[in-house]
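Here are the chains, one letter per residue:
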Amino acid sequence: AVASANQTISAIDLTSLTDGTITLTVTLTDAAGNSGGNATDSKTKDVVAPSGYSVVIDQSPINNANKNAVSFTFSGAETGTTYNYSFDDTDGGTTAIAGSGAVTLASQTISGINLTPLTDGTITLTFTLIDAAGNTGTNATDTETKDVAPPTLSIGAPSATFANNASSVTFTITYTGASSVNLL
């Protein structure tokens, strides 16, 4: 029964209806049985968060040559959503590098990200999608190593002098941050 001319009807349970266009049609009937015209309104129901997407950091490793122009690629994204990303290191002392944008293609590359402020070590990229209804998808992540510290090298004095006509000479080479040493 209608109680007033501006009555609000609330708490209509729509859980059994699938996502998509929901149309409400209202018809008023008076006590004499006369029906007025239908009044309708439509809204979009969207309770499903974006899913099925992934992300990968394009540089491996992140080093001095690429630290200020890092990129990542996401795929399997729902077009029309908004992406949010955050690059963070493990020290907790630096602010994460974050950004967002519109998804125009299911696969896109986002480039030109400067990770210089982040410390060396493991860098984690966290990526999410938010659809127009505000549903947030689960985090997609990738990790990569950042190493911008140059290797160090020192060479100690030889064990024998050339003046003594030694048949061999031993040098002590000490290095850190390098996977190999090339002798020239």
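Look above for the structure.
The structure presented is a predicted model; accordingly, all values stated were derived computationally and were not measured.

A.B. asks: Give me the lowdown on the packing of aromatic side chains, citing residues and values where you can.
C.D. replies: Per the stated rule, a full pass over the model turns up nine aromatic pairs. Ring centres 6.1 Å apart and planes at 20 degrees place the aromatic pair Tyr-83 and Phe-127 in the stacked group. In this pair, Tyr-83 is assigned in strand S5 (residues 82-88) and Phe-127 in strand S8 (residues 121-130), connecting sequence segments 44 residues apart. Judged by its relative accessible area of 0%, Phe-127 falls in the buried class. One aromatic cluster is present, formed by Tyr-53, Phe-72, Phe-74, Tyr-83, Tyr-85, Phe-87 and Phe-127 through successive ring pairs.

A.B. asks: Provide a residue-level description of the nonpolar core, including the pertinent values.
C.D. replies: Ranked by internal contacts, the top residues of the largest apolar core, which has 22 residues, are Phe-72, Phe-74, Tyr-85, Phe-87, Leu-115 and Phe-127. The set of elements that each furnish at least two residues to this core consists of strand S3 (54-57), strand S4 (70-75), S5, strand S7 (108-113) and S8. In terms of residue count, S8 provides more of this core than any other element does, four residues in total. If near-sequence neighbours (up to four positions away) are discounted, Phe-72 is found in contact with Val-55, Val-56, Ile-57, Asp-58, Tyr-85, Phe-87, Gln-108, Thr-109, Ile-110, Ile-113, Leu-125 and Phe-127.

A.B. asks: Outline the sheet that holds S3, listing residues and values.
C.D. replies: An order of S3-S4-S7 is seen for the three strands of this open sheet, with the pairing classed as antiparallel. With one partner strand each, in any of the chains shown, S3 and S7 form the two edges of the open sheet. Neighbour to neighbour, the strand axes of the sheet diverge by 20 degrees on average, direction disregarded. In terms of strand pairing, S3 meets S4 through four bridges, oriented antiparallel. Directly across from Val-55, in S4, lies its bridge partner Phe-74.

Conventions we followed
- Residues numbered from 1 in each chain as written.
- Predicted model: local features only at pLDDT ≥ 70, side-chain atom pairs only at ≥ 80, totals over all residues.
- Heavy atoms only, no water.
- Phe/Tyr/Trp six-rings, centres within 6.5 Å; stacked < 30°, edge-to-face > 60°.
- Helix = DSSP H or I, 4+ residues; strand = E, 2+ residues; numbered from the N terminus.
- Buried < 20%, exposed > 50% of the residue type's maximum accessible area, 1.4 Å probe, protein only.
- Core = buried A, V, L, I, M, F, W, Y, C linked by side-chain atoms within 4.5 Å.
- Contact = heavy atoms within 4.5 Å.
- Pairing = 2+ DSSP bridges.
- Axes fitted to C-alpha atoms, helices over the stretch in contact; angles between N-to-C directions.

These figures come from the coordinates and say nothing about function on their own.
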